[in-house]
Amino acid sequence: MSVRRLAKEQPASFAFSKATKTKLDWWIQKYPESRRQSAVIPGLWLIQKQEGWVSEPAIRTLADYLGMPYIRVLEVATFYTMFMLEPVGSAALIQVCGTTPCMLRGSGELMKVCKSRIGPKQTLSADGKFYWEEVECLGACVNAPMAMINDYYFEDLTASDMEKIIDDFAAGKKPKPGPRVDRINSAPEGGPQSLTDPKLYDGSAAKPIKKLPNSEPVKA
C-alpha cells in the first residue's frame, strides 16, 4: 500500500485558477451552505488536476475556503491514495497494480522495468518526467497485469510493453491506453465467445416503445 507523505520542499503559496474556482463553487453549491465542507474531496481533486499534485499551501487554501481546520483537510488528503502530496512526473505518473491477479500475471516484471528506467518507487525521476508507484487493486483484474498511467488504464501488459510506453511518453507521444492483446475492453481474446448474435447489439431485436413509462407528470 502506498504511503502518502508531504513533500519536503513546498511552494511558497497557492492560488486557485479561475477554472478551478468556478468548478469548486459548482461543487459547493451541491450542498447546503452549512455543509460546504462536503466538497473537500472534489476540491482536492481539482487542485491536483490544476497543479499535478496537492501541496501544503493548497491544503491550507482549500481549508480556509471551505471553513475547515487545516488538519481536517490534511487527514482527507493523506487517507485517500489518489491524492499525490509530492510532485509527480510531468510526462507520466505510472501506478502499477500489485494485487494478487496482477502479481500472478507478471506485474513484478512491470515494476522491474519502472525501477530500472525511472528509479526507486515514489521518487521523481532525475529528469522530472516520471514517477511510479505500486498500488492496490484498480478493478481491472481480468486484464491483468495492468497499470494506470495518468488518467488511463493500460492493460494486458508485458515488460516490453512497459518499456515501449515509457519510451513513447519520454518522446512526448501519447500512447493509446487499453488492452495490449486482441480484445475489446474486457472481452475474451479474439472476440466474444458467447452472446454473439448481432441482433443483441444492433437494435433490430428491440420492440418500439410508443410511450415511455413514468414520462407523464405526477398528478396530485
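Residues numbered from 1 in each chain as written. Predicted model: local features only at pLDDT ≥ 70, side-chain atom pairs only at ≥ 80, totals over all residues. Heavy atoms only, no water.

*Asks:* Help me get a handle on the overall build of the protein, residues and values and all.
*Replies:* Looking only at helices and strands, the protein features 8 helices and 5 strands. Ordered by position from the N terminus, the helices and strands of the protein form the series α-α-α-α-β-α-α-β-β-β-α-β-α. Here the C-alpha atoms of the protein give a radius of gyration of 22 Å, more than 25% beyond the 17 Å that 2.2 N^0.38 yields for 220 residues. When the backbone C-alpha atoms are referred to their principal axes, the protein occupies close to 65 × 60 × 30 Å. Put simply, the protein has 220 residues, and 37% of those count as buried. Within the protein, contacts between residues at least 6 apart in sequence are counted, and of these 63% link residues at least 24 apart. Total accessible area computed for the protein in this model is approximately 13600 Å², and 56% of it derives from carbon and sulfur atoms. (Helix = DSSP H or I, 4+ residues; strand = E, 2+ residues; numbered from the N terminus. Rg over C-alpha atoms; globule rule 2.2 N^0.38 Å. Buried < 20%, exposed > 50% of the residue type's maximum accessible area, 1.4 Å probe, protein only. Contact = heavy atoms within 4.5 Å. Areas by Shrake-Rupley, 256 points an atom, 1.4 Å probe, with all protein chains shown as cover.)

*Asks:* Tell me about the packing of aromatic side chains, and please be specific about residues and values.
*Replies:* Throughout the structure, instances matching the rule amount to 5 aromatic pairs. Here the aromatic rings of Phe 14 and Phe 16 are separated by 5.3 Å at their centres, their planes lie at 85°, and the arrangement is edge-to-face. On the accessibility criterion, Phe 14 (12% relative accessible area) is buried. Of the aromatic side chains, those joined through ring pairs into one cluster are Phe 14, Phe 16 and Tyr 65. Between the NZ or CZ atom of Lys 23 and the centre of the ring of Trp 26, over which it lies, the distance is 4.1 Å. Cation over ring: Arg 36 sits above Tyr 65, and NZ or CZ is 5.6 Å from the ring centre. (Phe/Tyr/Trp six-rings, centres within 6.5 Å; stacked < 30°, edge-to-face > 60°. Lys NZ or Arg CZ within 6 Å of the ring centre and 35° of its normal.)

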